[in-house]
Amino acid sequence: MTSTLPRVQPGSFLTLHYRLGGPAGDIINTFTGKPATLSLGTGELSPAVEACLMDMEEGARATFELPAGAAFGERNPDMQQWLARKVLTQMGDPLETYNVGDVVQFPTPDGQGQFAGVVLQLRGEGAERAVLFDFNHPLAGQPVTFEVQLIGVL
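Residues numbered from 1 in each chain as written. Predicted model: local features only at pLDDT ≥ 70, side-chain atom pairs only at ≥ 80, totals over all residues. Heavy atoms only, no water.

1. Let's talk about the overall build of the protein chain
So, point 1. Within the protein chain, the regular secondary structure consists of 2 helices and 9 strands.
So, point 2. The linear arrangement of helices and strands in the protein chain, starting from the amino end, is β-β-β-α-β-β-α-β-β-β-β.
So, point 3. Over its C-alpha atoms the protein chain spans a radius of gyration of 19 Å, topping by over 25% the 15 Å that the globule rule assigns to 154 residues.
So, point 4. For the C-alpha atoms alone, the extent of the protein chain along its principal axes is close to 70 × 30 × 25 Å.
So, point 5. Intrachain contacts of the protein chain at a sequence separation of at least 6 include 61% that bridge at least 24 residues.
So, point 6. Total accessible area computed for the protein chain in this model is approximately 9100 Å², and 54% of it derives from carbon and sulfur atoms.
So, point 7. Across the protein chain, the mean location of the 9 positive side-chain charges is 5 Å away from that of the 17 negative side-chain charges. (Helix = DSSP H or I, 4+ residues; strand = E, 2+ residues; numbered from the N terminus. Rg over C-alpha atoms; globule rule 2.2 N^0.38 Å. Contact = heavy atoms within 4.5 Å. Areas by Shrake-Rupley, 256 points an atom, 1.4 Å probe, with all protein chains shown as cover. Lys, Arg positive; Asp, Glu negative; His and termini not counted. Charge placed at Lys NZ, Arg CZ, Asp CG, Glu CD.)

Dropping the structure here:
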């Protein structure tokens, strides 16, 4: 007898628990909380991660091992950029302090979304201060474990 449960197709709307992790541990894990809801093809997941979901049946659970660089590309040294304190002040809170390891959210140029950068280094003092950010995805260039439990498919 053939199953009639919905299967993931391009553009599917999904409710799922998922975990993305690398050698240093989990970056995202929804298994301990509320499940995620997302639409395929909207950029919420990388194309390589979305490809793992294709044709999965509602209710299925699976774990995928993606080789280094496959899930989020290779690390790009051009994605590390110095930003002057003046620019950071214009983009956000002028009293904000930055420390190495902080994850800072920035608005996209169209103002419709956000992207994150990790503080790598600080240079200078006061108005001359500059901050080196890494805008690479935290799992770029690393092998990735993607675990998923597909709760619903529309």
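2. Describing the layout of surface pockets
So, point 1. Looking at the largest pocket, its volume works out to about 310 Å³.
So, point 2. Along the wall of the largest pocket there are 15 residues; nearest its centre are A116, F135, N136, H137 and P138.
So, point 3. Among the elements that take part in the lining of the largest pocket, strand β7 (residues 114-123) stands out by supplying 4 residues, more than any other.
So, point 4. Taken as a whole, the second largest pocket encloses approximately 210 Å³ of empty space.
So, point 5. What lines the second largest pocket is simply Y18, L20, I27, I28, L38, G43, E44, L45, S46, F72, H137 and P138.
So, point 6. Of all elements in the fold, only β1 (13-22) and β2 (25-29) reach the threshold of two or more residues within the lining of the second largest pocket.
So, point 7. A class-by-class count of the residues in the lining of the second largest pocket yields 8 nonpolar, 3 polar and 1 charged. (1 Å grid on protein atoms, 1.4 Å probe; cavity = no way out; pocket = protein on both sides within 12 Å on 5 of 7 lines; lining within 4 Å. Points joined across faces, edges and corners; volume = space filled by probe spheres on them. Nonpolar A, V, L, I, M, F, W, Y, C, P; charged D, E, K, R; others polar.)

3. With respect to the side chain of R19
So, point 1. By the secondary structure assignment, R19 is in strand β1.
So, point 2. A polar side-chain atom of R19 sits 2.7 Å from a polar atom in the side chain of D26. (Polar contact = N/O pair within 3.5 Å; in protein donor to acceptor, adjacent residues only side chain to side chain.)

4. Considerations on unusual backbone geometry
So, point 1. Backbone geometry at D55 places phi at a positive 70°, although glycine is not the residue there.
So, point 2. Here D55 shows up in the loop between α1 (47-53) and β4 (61-66).

5. Details of the packing of aromatic side chains
So, point 1. Applying the stated rule across the entire model yields 8 aromatic pairs.
So, point 2. Relative to F135, the ring of F133 has its centre 5.7 Å away and its plane inclined at 25°; by these criteria the two rings are stacked.
So, point 3. A residue is classified by how much of its surface remains accessible, and F135, at 13% relative accessible area, is buried.
So, point 4. The rings of Y98, F106, F115, F133 and F135 are connected pair by pair, giving a single aromatic cluster.
So, point 5. Across from the ring centre of W82, 3.9 Å away, lies the NZ or CZ of R123, which sits over that ring. (Phe/Tyr/Trp six-rings, centres within 6.5 Å; stacked < 30°, edge-to-face > 60°. Buried < 20%, exposed > 50% of the residue type's maximum accessible area, 1.4 Å probe, protein only. Lys NZ or Arg CZ within 6 Å of the ring centre and 35° of its normal.)

6. Details of the environment of G73
So, point 1. Summarising the element assignment, G73 is placed in the loop between β4 and β5 (80-84).
So, point 2. Counting along the chain gives 64 residues from G73 to H137, while the straight-line C-alpha distance between them is 8.6 Å.
So, point 3. Among all residues touching G73, those that are not within four sequence positions of it are A140 and G141.

7. Regarding the pairing of strand β6 (residues 103-107)
So, point 1. Burial along β6 is one-sided: V104 and F106 are buried, and none of V103, Q105 and P107, which face the opposite way, are.
So, point 2. Relative to β7, β6 is paired through 5 bridges, and the arrangement is antiparallel. Note on β7: the bridge partner recorded for F106 is F115.
So, point 3. What sits between β6 and β7 in their antiparallel hairpin is a turn of 6 residues, with G111 showing a positive phi close to 75°. (Pairing = 2+ DSSP bridges.)

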